[in-house]
Every structure is written in C-alpha cells, then in structure tokens.
Amino acid sequence: MIKDVMYTYPNGTIALIDINLNLYGGEFIGIMGKNGAGKTTLIRTLNGLIRPTQGDIYIDDKNINTTTIATLSKKVGIIFQNASHQLFANTVEDEIKFSLKSFNLTKEESQIRTNKTLQQFNLEKYRERSPLNLSGGESKKLAIASIICRDPDILIFDEPTLGQDAREIESFLRLIEKEREHGKTIIIITHNIEFAFEFIPRTILMADGKIIADGPTEKVLNCEELIEKASLVLPQSRQLSLALYSMGFQDTDTLFSKADVTKYLMQFLKNSSERAQKR
Ligand SMILES: Nc1ncnc2c1ncn2[C@@H]1O[C@H](COP(=O)(O)OP(=O)(O)O)[C@@H](O)[C@H]1O
Ligand SMILES: [Mg+2]
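Thresholds, definitions, all that
Residues numbered from 1 in each chain as written. Chains lettered and ligands numbered in written order. Predicted model: local features only at pLDDT ≥ 70, side-chain atom pairs only at ≥ 80, totals over all residues. Domains from an automatic or database assignment. Helix = DSSP H or I, 4+ residues; strand = E, 2+ residues; numbered from the N terminus. Nonpolar A, V, L, I, M, F, W, Y, C, P; charged D, E, K, R; others polar. Axes fitted to C-alpha atoms, helices over the stretch in contact; angles between N-to-C directions. Parallel < 35°, antiparallel > 145°, perpendicular 65-115°, else oblique. Left-handed = near helix turned anticlockwise from the far one by under 90°. Contact = placed C-beta atoms within 7 Å. Pairing = 2+ DSSP bridges.

Chemist: Got a minute to help me understand the domain arrangement of the protein in this structure?
Modeler: Note: interface size is frequently given as the accessible area lost on complex formation between the parts. In terms of domains, the protein is made up of domain 1 (2–233) and domain 2 (235–279). Here the C-alpha centroids of domain 1 and domain 2 sit 39 Å apart. Among the elements of the structure, helix H7 (193–199) and helix H8 (217–221) are those that each provide at least two residues to the side of domain 1 that touches domain 2. Looking at the side of domain 1 that touches domain 2, the element that brings in the most residues is H7, giving three residues. Residue composition of the side of domain 1 that touches domain 2, by class: three nonpolar, one polar and two charged.

Okay, structure coming up:
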C-alpha cells in the first residue's frame, strides 16, 4: 500500500505528488503515461531505491521506511528497461550466483538454485560464457533470470516490450503467465497500448507526477479525456468504432472492445448479404 507519497529529487524536480495506491497479491497491473510522468520513480520507491520525501509505503502490512534494500529486493524484483546493462559478472552462471548472495545459502543450495534457474531460462549452454558475449535477447533473458531466481512476490518490469518483436513479446507473456500461476503480483510499465489493452486487467495512468486514473483497463484506456491527458492514443478497436460512427454506422459509438467491434461487423455483413439475397 502506498500512502500519501511525495518525492522530490535532490535537484528539486518534483517527481511524485500525493500518490495513493493499493496493490493486492496476485494482481496484474499496468502503469502508463508519457515520458517524465513519474512511472519509474514510483516503482523505485517500492524496493527502497528511492525513499519517499513524504508519506509511507507498506508491504505485507509493514512500513518499509527502515527496511534495507537488501531485504526489500527479496520481496520486490525490478527489471529495469536497460537491465542487461547491469550485468557485470564474468560468467552467466556467476551472474545468478551473485544475485543469490544475500540469501546466505550453502554452496550446494546456491548451485542447485542456479542450475534450476539456468534450466528454466534455457541458459545452461551459456553457463561459462561472459554476459558481454550474449545476444540482445539472451542478455535480457539473463537479466530477468537474475531477478526471478530470488523468487520475489512482486515482479516489476519497466517497459519490457520496447523494441521486442512479436515472438519475443509472446515468450515474455508466457513467462508472466507462469509467474502469475505462482501467485506473483506483476506490475508492468508500458507505452504499448495494444499490449496493455489485450492482456493487463488493471491500468494506472500517470501524468505530471500524479495518478490520474486507476481502474479496469477497458474503462481507463477507452476514455478519450484520460487518454489525451496522458498523451496516449486510444486502442485500435476504439479508434475503429469511432471512425465507423463518424461514417454513419449506427450505434457503433457504444462499441469498445475488439470483440464488440468484430461482433458488430459480422452482424452487419450477415444482414447485408441477407438483404442482397432478398432483392
Ligand atoms: N535521477 C534524477 N534526478 C533528477 N530528476 C530526475 C531523475 N530521474 C528522473 N527525474 C525527473 O523526474 C520526473 C519523473 O521521471 P521518471 O520517473 O523517470 O518518469 P517516467 O518513468 O514516467 O518517464 C521527470 O521530470 C524526470 O526528469
Ligand atoms: Mg521511465
């Protein structure tokens, strides 16, 4: 729970204003809004990288204001946009082992968990390789693996679909699905409106350091006024229904989802072919 949180950077930039937010275990949440809205700053407060200038954050009903980053990062895992730049160990295997260091595992336990992680992410064959010699996709995978091996309850991704092709997005979705099956809370910062609209049930919109909307994605992302405030564009299905409406197609202004629009168009085609046959 985030209560009345404000944050001002040391240089005076006010990045978070009056943030109040309830996150529930197992939720899948999107955070959207234009660059500079405060999205990254907000998630950094959740694992103690940034301490609020005012207000409090509770995780599992415990105020985290004095909890160390080391402890918090076992609960909250953040995969930053350029996470692969943060890889630094000499080998892929060591990268995972280093990430497990603060758990005080025995050598055997650490090895078992490392093996399991490498297997899970299909990185076993690169075990001895330097992270510097991995492809873009592989190093991204290693960066994610080095967070997920710590098994945090809350997983946060900062713009994970940026620059990813359709296949990479699909494999990312599979990963998310698996983590959700294990009851994880997933938070994704994204500019990808179609991705959010299709897959993420709850959306938080930010603008100028404030939360301007928080609710079911279908509601939030179909609201023209909010979309404009957040400098986003409406989902394609809503754009299409509004375009149809302005062309004179009746009642299309009440269509919101892809399914709504498809159903309308199928019915329309059926009706017109029936009319044609009657003539
Ligand atoms: N390290 C920093 N020092 C000073 N200002 C910062 C720093 N990081 C971000 N900001 C400023 O804080 C505001 C919010 O930034 P950020 O949280 O990165 O937004 P977003 O992730 O939504 O693009 C912006 O005005 C940004 O310029
Ligand atoms: Mg950001």
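Once you've had a look at it, read on.
Chemist: Looking at this structure, how should I read the packing of helix H3 (residues 92–99) against helix H5 (residues 136–148)?
Modeler: The relative placement of two packed helices comes down to the angle between their axes together with the axis-to-axis distance. Packing of H3 against H5 leaves a shortest axis separation of 8 Å and a crossing angle of 30 degrees. Relative to H5, the element H3 lies roughly parallel. Remark: the crossing between H3 and H5 carries right-handed chirality. In contact with Val92, Glu95, Ile96 and Ser99 of H3, H5 contributes Leu142, Ala145 and Ser146.

Chemist: What's the story with the sheet that holds strand E8 (residues 185–189) in this structure? I'm lost.
Modeler: Backbone hydrogen bonds are what pair the strands of a sheet, in a parallel or an antiparallel way. Strand order in this open sheet of six strands is E6-E7-E8-E3-E9-E10, and the pairing throughout is mixed. For this open sheet the edge positions go to strand E6 (76–79) and strand E10 (210–216), each flanked by a neighbour on one side alone. Mean inter-strand twist for the sheet, computed between neighbouring axes without regard to direction, equals 15 degrees. Strand direction decides the pairing type here: strand E3 (residues 28–32) and E8, joined by four bridges, are parallel. Bridge pairing in E8 places Phe28 opposite Ile186. Of the strands in this sheet, E3, E6, strand E7 (154–158), E8 and strand E9 (202–207) touch helix H1 (residues 39–46), which is tilted by about 155 degrees from E7.

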